[in-house]
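Here's the letter readout for the chains.
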Amino acid sequence: MTRSGSVTRKTRETEIDLKLEVDGEGEADLNVQVPFLSHMLELFTKHGLFNMTLTGKGDVEVDDHHLTEDIGICLGQALHQAIGDKYGMKRYGSMMLPMDEALVTVAVDMSDRPHLEWHADIPSQKIGTFDTENVHEFFWKLALEARMNLHIIVHHGHNSHHIVEAMFKALGRALDEATRVDPRVKGVPSTKGSLS
């Protein structure tokens, strides 16, 4: 059975329709009005071996903030739906990933206890037209709605594009590991008997 989640969100600021399949092949069909975010989500999907269909439009004439934040919310909700009761799932995943001069570690715990631990300096205020402060906003809303513990650590790097790209690729790979079903895991991966 395919583990998937679907979310539709419509506000006065954004309209988003997102479907995520956790057990995918890295296929992305994205129509997003924020080109840099679309590029990052394509990388996330490819490296996580997910399948994602996403249409996102919003008040980008104001700035990219609302659409970036709301896509983070929707992706988090779809991921939380997709992993369901977490039976047989590995729960934890991490990846230290180099991107040229940048080195980033991402670690996740699908614990149902949302937290973002952020140790990252992005040198530039913009990448193209994209405000880099929105990167933190995206990951915080993703962690909150997916109800996961997410740590992002930038060890070094000076090119902002490389740093952010490494974050998204590493997150995809860490989540691929954490959401993988392991036949050795009986029930949920917690001595409490519950992840909630």
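Right above here is the structure, for reference.
This report concerns the structure included in the present document. (Residues numbered from 1 in each chain as written. Predicted model: local features only at pLDDT ≥ 70, side-chain atom pairs only at ≥ 80, totals over all residues. Heavy atoms only, no water.)

Moving on, we come to the overall build of the chain. A count of helical and extended segments in the chain gives 4 helices and 10 strands. In sequence order, the chain lays out its α and β elements as β-β-β-α-β-α-β-β-β-β-β-α-β-α. Its C-alpha radius of gyration of 16 Å places the chain within 12% of the 16 Å reference for a compact globule of 196 residues. Each principal axis of the C-alpha distribution contributes one length, and for the chain these read about 50 × 40 × 30 Å. A burial count over the chain gives 52% of its 196 residues as buried. (Helix = DSSP H or I, 4+ residues; strand = E, 2+ residues; numbered from the N terminus. Rg over C-alpha atoms; globule rule 2.2 N^0.38 Å. Buried < 20%, exposed > 50% of the residue type's maximum accessible area, 1.4 Å probe, protein only.)

Among the nonpolar cores identified, the biggest contains 56 residues, and Val108, Phe139 and Leu150 are the most heavily contacted of them. No other element matches helix H4 (residues 160–179), which puts 10 residues into this core. (Core = buried A, V, L, I, M, F, W, Y, C linked by side-chain atoms within 4.5 Å.)

Next up on the list: helix H2 (residues 65–83). In a regular helix each residue adds 1.5 Å, so 19 residues correspond to 27 Å; H2 covers 27 Å between its end C-alpha atoms and thus fits that length. Positioned one or two residues after H2, Gly84 has a phi angle of 55°, which is positive. (Expected span 1.5 Å × (residues − 1).)

As paired elements, strand S6 (residues 102–109) and strand S10 (residues 149–156) share 7 bridges and run antiparallel to each other. Within S10, the residue paired with Val104 across the bridge is Val154. Sheet analysis places strand S7 (residues 115–119) next to S10, joined by 5 bridges and oriented parallel. Note on S10: the bridge partner recorded for His119 is Ile153. (Pairing = 2+ DSSP bridges.)

A positive phi angle, near 55°, is found at Asp100, a position not held by glycine. Within the fold, Asp100 resides in the loop between strand S5 (92–99) and S6. In this structure, Arg147 takes a positive phi of about 55° despite not being glycine. Tracing the chain through its elements places Arg147 in the loop between helix H3 (133–146) and S10. Since its relative accessible area comes to 32%, Arg147 is described here as partly exposed.

Turning our eyes to something else, we now look at the sheet that holds strand S3 (residues 27–32). Pairing in this open sheet of 4 strands is mixed, and the strands run S1-S2-S4-S3 from one edge to the other. The open sheet has two free edges, formed respectively by strand S1 (4–10) and S3, since each of these has just one partner strand. Taking each pair of neighbouring strands and ignoring which way they run, the sheet shows an average axis angle of 5°. Across 7 bridges, S1 lies against strand S2 (residues 14–21) in antiparallel orientation. When the bridges of S2 are listed, Ser6 appears paired with Lys19. Each of S3 and strand S4 (51–58) touches helix H1 (residues 35–48); the most contacted strand, S3, lies at about 165° to it. (Axes fitted to C-alpha atoms, helices over the stretch in contact; angles between N-to-C directions. Contact = heavy atoms within 4.5 Å.)

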